[in-house]
Amino acid sequence: MYKSGFVTIVGRPNVGKSTLMNNMIGEKISIMSDKPQTTRNKIRTVLTDDEAQIVFLDTPGIHKAKNQLGEFMNVEVDTALEGMDVVIMITDEFNKIGPGDEFIIEKIKSTNAKKILILNKIDKFEKEDTYRMAQEFQKYNVFDDIMPISALNNQGVDSLIKLIKKHLNEGPKYFEDDYITDRPEKFVVAEIIREKTLMYLQDEVPHGIAVEVDEMKYRKGKEGKELMDIRANILCEKKSHKSIVIGKAGRKLKGIGKAAREDIESLLGCQVNLQLWVKISQDWRDNNYLLQTLGYNKHDK
Ligand SMILES: Nc1nc2c(ncn2[C@@H]2O[C@H](COP(=O)(O)OP(=O)(O)OP(=O)(O)O)[C@@H](O)[C@H]2O)c(=O)[nH]1
Ligand SMILES: [Mg+2]
C-alpha cells in the first residue's frame, strides 16, 4: 500500500524547524540561522520513496508580531495548519513549558491532524530533563507521540520519518519523483543571500534585512561552460545598517557574496557571477507596497 500526506512543522522561532525539514528531505531548501525569525514564508518540500510521499511545510516561528511582516508570518502558520494529516510541533525547551509553547499547543489542539511533539537539541541537554519534559508535555493530552531528537546531528530523524509514515493513509503520489520544492529558483537564491547576511550580522539589523533578486541570466562563459549572472539587492532599513552590512572596506559584503555564491553554485550546478548591492528601504516591514514587492503579502495555500 502506497501512502501519502501533508505534514506541517510548527514551533517558536529558532527551535530547529528548518534544520529538521532539510534533514528529512536531505536537501538544503529552507535557510537556517542562529537568529530567531529566520524563516518568513511557508516553504513546501517533498520527500518521495518507495513507501510514501510526504509533503512537508516549514513555517515561520510563531511569535508576537511587532509589524506587518510579523503578522504576515503568523498568518502563514495558520494557513499551513489547514487540512494537514500530521502536525509536528518542535520545542527546544528543556526547563519549563513557557507561554510560547502553550500558545502553540492551544493553536494545534483543535486540528484533526495527528500531532507529534519533537523535543529537539537533545545533544545539548541531560537525559533526565528530556524525560521530565516529555512527561510535562504529555499532561496536555494533545500529542499522539513525543519524540526526542537532534535535528542538527541527524539523530532520531529516520525514526521520525518512520513514525510519520505510520500516521499517513493510503494515497497517491501528488508530485513527480524528483519534485523537491514549490519555491522557484529565484526565491531560493534570495534566501541563500539572506542566510549569509544573517550569518554576518548581529542585534537588530538581521530582522530588517530583505533580499530581492533583480536578474538571473544564463550565458556561455569561457570554454562554452554555462554561467549564471545574478544581480541582487540587500535591503536594509537605515543608513547605519547599510554601512554595517558593507563593513570596513567592504569586507563584510565581500564575505556575504562569497559564501552565497558558493551555495548558489552548488544549488544550480554551474558557475555563478553574483553582484550584490546594498540599498536602504525605510520601514519596509510596515509598508504594504514594499511587502507586496518582496513577496510577503500573499498567502498561498
Ligand atoms: N545544538 C543543536 N542546535 C540545533 C539543533 N537543531 C537546530 N539547531 C540550531 O538552532 C538554530 C535555529 O535553527 P533553524 O532550523 O533556523 O530554526 P527554525 O525553527 O527554523 O527558526 P525560525 O525560522 O527562525 O523560526 C540554528 O543555529 C541551528 O543550527 C540541534 O539538534 N542541536
Ligand atoms: Mg526556519
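Reading the values: the criteria
- Here the residue index of a chain counts from 1 through its sequence in written order.
- Here every chain gets a letter starting at A, and every ligand a number starting at 1, in the order they are written.
- Side-chain atom pairs in this predicted model are given and counted only at pLDDT of 80 or more, local residue features only at pLDDT of at least 70, and totals for whole chains, interfaces and linings cover all residues.
- Here the side-chain values reflect all heavy atoms present in the structure, with hydrogen atoms and water set aside.
- Each metal's donors are the N, O and S atoms within 2.8 Å of it, or within 3.2 Å when it is Na, K or Ca, and because water is not part of the set, sites may look incomplete.
- The helix count covers DSSP runs of H or I at least four residues long, the strand count covers runs of E at least two residues long, and both are numbered beginning at the N terminus.
- Exposure classes here rest on a 1.4 Å probe applied to the protein chains alone. A residue is buried below 20% of its type maximum, exposed above 50%, and partly exposed in between.
- Between any two strands, at least two bridges found by DSSP are needed for them to pair.
- Geometry is summarised by axes, namely lines fitted to C-alpha atoms with helices restricted to the contacting stretch, and by angles between N-to-C directions that run from 0 to 180 degrees.
- For Phe, Tyr and Trp, rings pair up if their centres lie within 6.5 Å, where Trp contributes its six-membered ring, and each pair is then called stacked (planes under 30 degrees apart), edge-to-face (over 60) or tilted (otherwise).
- Only when the NZ atom of a Lys or the CZ atom of an Arg is both within 6 Å of the ring centre and within 35 degrees of the ring normal do we say a charge sits over the ring.
- Domain start and stop points were drawn from an automatic or database domain assignment.
- We call two residues in contact whenever any of their non-hydrogen atoms come within 4.5 Å of each other.
- Buried area is a sum: the accessible area each of two parts loses on coming together, probed at 1.4 Å, counted once for each and added.
- Take a side-chain nitrogen of Lys or Arg and a carboxyl oxygen of Asp or Glu: if they are within 4 Å of each other, that pair is a salt bridge.
- Polar contacts, as used here, are pairs of N or O atoms within 3.5 Å; protein pairs need one atom able to donate a hydrogen and one able to accept it. Residues neighboring in sequence count only if both atoms are side-chain atoms.
- Put simply, Ala, Val, Leu, Ile, Met, Phe, Trp, Tyr, Cys and Pro go in the nonpolar bin, Asp, Glu, Lys and Arg in the charged bin, and everything else, Gly too, in the polar bin.
- By this rule, a helix spans an expected 1.5 Å times one less than how many residues it contains.
- Nearness is defined per residue: one heavy atom within 4 Å of the molecule or strand is enough.
- A clockwise turn of the near helix away from the far one marks a right-handed crossing, whereas an anticlockwise turn of less than a right angle marks a left-handed crossing.

### Details of the coordination of the magnesium ion (ligand 2)
Then comes step 1: Around the magnesium ion (ligand 2), the protein contributes the donor atoms Ser18 (OG) and Thr39 (OG1), at 2.0 to 2.1 Å from the metal centre. Here threonine 39 lies in the loop between helix 1 (17–25) and strand 2 (43–48) and serine 18 lies in helix 1, a separation of 21 residues in the sequence.
Then comes step 2: Residue threonine 39 is classed as buried on the basis of its relative accessible area, which comes to 6%.

### Considering the sheet that holds strand 8 (residues 210–220)
Then comes step 1: Strand order across the open sheet formed by 3 strands is 8-9-10, with mixed pairing between neighbours. A single partner strand is all that each edge strand has here, and the edge strands are strand 8 and strand 10 (271–280). When the angles between neighbouring strand axes are averaged without regard to direction, this sheet yields 15°.
Then comes step 2: With 10 bridges connecting them, strand 9 (residues 226–236) and strand 10 associate as parallel partners. Directly across from methionine 228, in strand 10, lies its bridge partner valine 272.

### Regarding the packing of aromatic side chains
Then comes step 1: Counted by the stated rule, this structure contains 7 aromatic pairs.
Then comes step 2: Ring centres of phenylalanine 137 and tyrosine 140 lie 6.5 Å apart, and the angle between their planes is 35°; this geometry places the pair in the tilted category.
Then comes step 3: Ring centres 6.0 Å apart and planes at 25° place the aromatic pair tryptophan 284 and tyrosine 296 in the stacked group. With a gap of 12 residues between them, tryptophan 284 in the loop between strand 10 and helix 9 (288–293) and tyrosine 296 in the segment after helix 9 connect regions that are remote in the sequence. Here the two residues tryptophan 284 and tyrosine 296 agree in accessibility, since each one is buried.
Then comes step 4: Feature note: the residues Phe72, Trp284 and Tyr296 constitute an aromatic cluster, connected by ring pairs.
Then comes step 5: The lysine or arginine in question, arginine 183, covers the ring of phenylalanine 187, its NZ or CZ lying 4.5 Å from the ring centre.

### Observations concerning the domain arrangement of the chain
Then comes step 1: For the chain, the assigned domains are domain 1 (3–170) and domain 2 (185–293).
Then comes step 2: Just the C-alpha atoms count here: the centres of domain 1 and domain 2 sit 28 Å apart.
Then comes step 3: Opposite the 16 residues of domain 1 that make contact, domain 2 presents 21 residues.
Then comes step 4: Between domain 1 and domain 2 the total buried area reaches about 1,600 Å² when both faces are included, carbon and sulfur atoms providing 52% of it.
Then comes step 5: It is Ile31, Lys35 and Arg40 that lose the most area in domain 1 upon contact with domain 2, and together they represent 38% of the buried surface on that side.
Then comes step 6: Summed over the shared surface of domain 1 and domain 2, the number is 2 salt bridges.
Then comes step 7: Between lysine 28 and glutamate 195 there is a salt bridge; the shortest N-O distance is 2.4 Å.
Then comes step 8: One can count 11 residue pairs in polar contact (both at pLDDT 80 or more) joining domain 1 with domain 2.
Then comes step 9: A breakdown of the residues in the side of domain 1 that touches domain 2 according to their chemical character gives 6 nonpolar, 7 polar and 3 charged.

### Overview of the pattern of salt bridges
Then comes step 1: On inspection of all chains with the given rule, the structure shows 25 salt bridges.
Then comes step 2: For the salt bridge of glutamate 136 with lysine 139, the shortest nitrogen-to-oxygen distance reads 3.2 Å.

### Examining helix 6 (residues 185–200)
For an α-helix, the turn length of 3.6 residues means that residues three or four places apart are oriented alike.
Then comes step 1: Between its terminal C-alpha atoms helix 6 stretches 23 Å, which fits the 22 Å expected from 16 residues at 1.5 Å a residue.
Then comes step 2: Most of helix 6 is tucked away: 12 of the 16 residues are buried.
Then comes step 3: Looking at the packing, one finds that the buried side of helix 6 touches strand 2, strand 8, strand 9, helix 8 (251–268) and strand 10.

### A few points about the site of ligand 1
Then comes step 1: Not every one of the 23 residues close to ligand 1 is listed here, only the nearest: Thr19, Gln37, Thr38, Thr39 and Asp123.
Then comes step 2: Between an oxygen atom of ligand 1 and a main-chain N or O atom of asparagine 14, the distance comes to 3.0 Å.
Then comes step 3: Glutamine 37 is positioned with one of its backbone polar atoms (N or O) 2.8 Å from an oxygen atom of ligand 1.
Then comes step 4: When the residues that make up the shell around ligand 1 are grouped by side-chain class, the tally is 6 nonpolar, 11 polar and 6 charged.

### Details of the packing of helix 6 against helix 8
Then comes step 1: Packing of helix 6 against helix 8 leaves a shortest axis separation of 9 Å and a crossing angle of 145°. Helix-helix and strand crossings are classified by hand; for helix 6 and helix 8 the assignment is right-handed. Each of Glu185, Val188, Val189, Ile192, Ile193, Glu195, Lys196, Thr197 and Tyr200 in helix 6 lies in contact with helix 8, whose residues at this interface are Lys252, Gly255, Ile256, Ala259, Ala260, Asp263, Ile264, Leu267 and Leu268.
Then comes step 2: Across the contact of helix 6 with helix 8, the residue classes tally to 11 nonpolar, 2 polar and 5 charged.

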